[in-house]
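A closer look at the structure
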Amino acid sequence: MVEIKKGHPLKAVLFDMDGVLFDSMKNHTLAWYRALSSREIPCERDEFYQYEGATAEWTINLIFERTYHRQATKQEIEELYTLKSKYFNELPEAGPMPGAKEVLKIVREHGLLPVVVTGSGQQSLLKRLTEEYAGFVNASTLVTAFDVEHGKPHPEPYLKGLQKAHAMPDEAFIIENAPLGVKQLQEAGADLIYPDMSALQKYLPQLLAEPHNRA
């Protein structure tokens with residue numbers, strides 16, 4: 001999905017990480033499911049697609065409130081997230097999304113700053129992000145779960161991303177994934193929807209060159 005807002009000339013492009021730069025969503029959902037199931041906390045693997053972009057604390061508290069009618073303690077959150085990270089790191093490494101690096105190159109060629117905005121705090125994946133996409137992503141252009149109090153869909157992560165890009169909302173656009181399907185993006189008001197990053201790669205130069213997208 002690409003969301004382009006008309007207004008001032010573009011300065012930046014905000015990228016999600018999971019499902020956009022890495023094919024990692026299936027690993028996240030399985031790791032969460034295994035971690036909670038190992039503590040006999042009722043859950044379904046597919047439900048974790050709904051929480052994509054949210055912080056670990058938010059995800060755990062949601063399930064605790066549903067199951068135990070209370071929020072998790074700090075110790076419970078730390079233990080469950082440590083366990084989730086263990087299961088995540090045991091899974092086969094998630095590969096980069098085909099076409100993602102090419103999209104980043106196009107963004108740079110058009111003089112725009114790529115900023116990655118992720119709800120993830122998975123250190124192994126964040127390390128791979130800066131290695132796999134060296135030259136495009138670094139600490140100054142990265143917003144993670146450690147930088148925000150509220151994960152997506154709360155606006156705070158993307159507002160932080162705009163701050164790092166020194167851009168106003170109408171000076172940037174967002175590239176997000178659709179963990180629950182395209183219908184969710186349509187209902188959320190996405191301007192343009194593409195099936196994958198390779199398709200976006202094909203059409204992005206034209207989109208960025210169109211005057212109505214630049215002013």
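The present account deals with the structure reproduced in this document.

The rules we used
Residues numbered from 1 in each chain as written. Predicted model: local features only at pLDDT ≥ 70, side-chain atom pairs only at ≥ 80, totals over all residues. Heavy atoms only, no water. Phe/Tyr/Trp six-rings, centres within 6.5 Å; stacked < 30°, edge-to-face > 60°. Helix = DSSP H or I, 4+ residues; strand = E, 2+ residues; numbered from the N terminus. Buried < 20%, exposed > 50% of the residue type's maximum accessible area, 1.4 Å probe, protein only. Lys NZ or Arg CZ within 6 Å of the ring centre and 35° of its normal.

This part takes up the packing of aromatic side chains. Scanning all chains against the criterion turns up seven aromatic pairs. Their ring planes at 45 degrees and their centres at 6.2 Å tell us that W32 and Y81 sit as a pair that is tilted. Note that W32 is positioned in helix α1 (residues 25-38) and Y81 in helix α3 (residues 74-90), a separation of 49 residues in sequence. Comparing W32 with Y81, the two get one shared label, buried. Ring centres 5.7 Å apart and planes at 90 degrees place the aromatic pair F48 and Y51 in the edge-to-face group. Note on accessibility: F48 and Y51 belong to one class, buried. These aromatic residues form a ring-pair network of at least three members: W32, F48, Y51, W58 and Y81. Above the face of the Y87 ring, K86 is positioned so that its terminal group lies 4.9 Å from the ring centre. A cation sits over an aromatic face here: K101 above Y133, 5.7 Å from the ring centre.

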